[in-house]
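# Topology and contacts: notes
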Amino acid sequence: MTTALPVIFIHGLWLHGTSWDPWIDRFRDEGYASCAPGWPGDPDTVQEARENPESIADHGIDDVVDHYATIIRELDTKPILIGHSFGGMIAQKLLGQDLAAAAIAIDAAQIKGVLPLPLSALRATLPVFKNPGNKHRAVSLTVEQFRFAFGNALSEEESTQLYERWTIPAPGKPLFEAASANFNPHSPAKVATSNQGRGPLLLMAGGKDHTVPEVVVRATLKQYRHSEAITDIVGFPDRGHSLTIDGGWREVADSALAWLRRQSL
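Cut-offs used in this document
Residues numbered from 1 in each chain as written. Predicted model: local features only at pLDDT ≥ 70, side-chain atom pairs only at ≥ 80, totals over all residues. Heavy atoms only, no water. Phe/Tyr/Trp six-rings, centres within 6.5 Å; stacked < 30°, edge-to-face > 60°. Lys NZ or Arg CZ within 6 Å of the ring centre and 35° of its normal. Buried < 20%, exposed > 50% of the residue type's maximum accessible area, 1.4 Å probe, protein only. Helix = DSSP H or I, 4+ residues; strand = E, 2+ residues; numbered from the N terminus. Arc of directions from axis to C-beta. Contact = heavy atoms within 4.5 Å. Pairing = 2+ DSSP bridges. Axes fitted to C-alpha atoms, helices over the stretch in contact; angles between N-to-C directions. Patch = residues over 30% accessible without salt bridge, like charges linked within 9 Å, V, L, I, M, F, W, Y side chains within 5 Å. Areas by Shrake-Rupley, 256 points an atom, 1.4 Å probe, with all protein chains shown as cover. Salt bridge = Lys/Arg side-chain N within 4 Å of Asp/Glu carboxyl O. 1 Å grid on protein atoms, 1.4 Å probe; cavity = no way out; pocket = protein on both sides within 12 Å on 5 of 7 lines; lining within 4 Å. Points joined across faces, edges and corners; volume = space filled by probe spheres on them. Nonpolar A, V, L, I, M, F, W, Y, C, P; charged D, E, K, R; others polar.

### A look at the packing of aromatic side chains
Applying the stated criterion across every chain yields a total of ten aromatic pairs. Above the face of the Phe148 ring, Arg123 is positioned so that its terminal group lies 3.8 Å from the ring centre.

Structure follows, in structure tokens:
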């Protein structure tokens, strides 16, 4: 018997790890050993996370990377990493450190070197940046803020349902670190994009994403121009930042599975 290849799903800001549950089931059905461990400090449930935001606060990018690196090193095989938003950045960092067999970064947060900063992205993150003290706090979104940042391509009803089901407070620190990345030579948002020996990478972009607009994802692709390792991109023109959790999640998941099969993974 062959051992199932592990897949680790990494959530981004404002979503709980259990938001990956449908993906875990889909990938298990295809023979992968899937799991979605939360960020450091994440409680086990959405409700616990909402009631204990202090457990989530003040974790930065390096904390999250180290947390997942520890999980990976306990495995017998390098995993496939699939990350959304800041989880996509984390997946890229771990791939660049040769800790993954492959990575799929979905609407990934800006890495160091990416310059476009669309107004919609600024508005989506304003709940954090409006108060410098939020760097060390966990910040929640309102229903309206979630609709702009995640659910703008959905009906108001579906956006609200997703908000109520999956959202949790998010640490402000990673956003502050990413915002200053291009002014900090040692930024934790720096990714080893020139790594020639890393596994393949797929970038996914939602064409209607307010939080990580497609122009950001395409600028990220350019950062990999000095590496001959496989770096692909696929777009979903009518999708917003909610594309991993909304009613169309299966299309995105199936696209990820098809790409992995093309990489013989």
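### Quick look at helix α1 (residues 21–29)
Burial in α1 covers these residues: Trp23, Ile24, Arg26 and Phe27. Buried residues of α1, viewed axially, fall in a sector of 165°; they line one side. Looking at the buried positions of α1, the neighbouring elements they touch are β1 (6–10), β2 (33–35), β3 (80–84), β4 (102–106) and α10 (249–262). Gly31 sits one or two positions beyond α1 and adopts a positive phi of about 100°.

### With respect to the environment of Phe86
By the element assignment, Phe86 lies in helix α4 (residues 86–96). Spatially, the C-alpha atom of Phe86 lies 26 Å from that of Asp29, the residues being 57 residues apart in sequence.

### A closer look at the sheet that holds strand β7 (residues 201–206)
Within a sheet, each strand pairs with its neighbour through backbone hydrogen bonds, oriented either parallel or antiparallel. With parallel pairing, the six strands of this open sheet are ordered in space as β2-β1-β3-β4-β7-β8. In this open sheet, the two edge strands, each paired with only one partner strand, are β2 and β8 (231–236). Strand after strand, the sheet turns through a mean of 15° between neighbouring axes, direction not considered. By the bridge criterion, three bridges tie β1 to β2 in an arrangement that is parallel. Paired with Val7 across the two strands is Ser34, which belongs to β2.

### Structural notes on a nonpolar patch on the surface
Side chains of Leu117, Leu119 and Leu122 sit close together on the surface and give an oily, nonpolar patch of about 320 Å² of accessible area. Examined against the element boundaries, Leu122 turns out to sit in helix α5 (residues 119–129). Looking at Leu122, the relative accessible area reads 37%, which means it is partly exposed.

### Re the pattern of salt bridges
On inspection of all chains with the given rule, the structure shows six salt bridges. The salt bridge involving Arg26 is made with Asp254; its shortest N-O contact spans 2.9 Å. One end of the pair, Arg26, is in helix α1; the other, Asp254, is in helix α10, with 228 residues separating them in the sequence. Overall, Arg26 belongs to the buried group, its relative accessible area being 16%. Since its relative accessible area comes to 30%, Asp254 is described here as partly exposed. Glu251 is the partner of Arg239 in a salt bridge, and the nearest nitrogen-oxygen pair spans 3.5 Å. Of the two residues, Arg239 sits in the loop between β8 and α10 while Glu251 sits in helix α10, which places them twelve residues apart along the sequence. Several salt bridges converge on common partners, so that one network encompasses Arg26, Glu30, Asp254 and Arg261.

### Notes on helix α7 (residues 156–166)
Listed as buried for α7 are Ser159, Leu162, Tyr163 and Trp166. End-on, the buried residues of α7 take up no more than an arc of 105°, which puts them together on one face. Facing away from the buried surface of α7 by more than 90 degrees, the exposed residues are Glu157, Glu164 and Arg165. As for α7, its buried residues are in contact with α2 (46–51) and α6 (143–149).

### Considering the layout of surface pockets
As a volume, the largest pocket reaches approximately 440 Å³. Along the walls of the largest pocket sit 26 residues, with Gln110, Leu117, Leu175, Ala178 and Ala179 positioned nearest its centre. Of all the secondary structure elements, the ones that give two or more residues to the lining of the largest pocket are α5 and α8 (173–179). Ranked by the residues each element gives to the lining of the largest pocket, the list is headed by α5, at four residues. For the lining of the largest pocket, the residue count by class is 19 nonpolar, six polar and one charged. If you add up the space inside the second largest pocket, you get close to 160 Å³.

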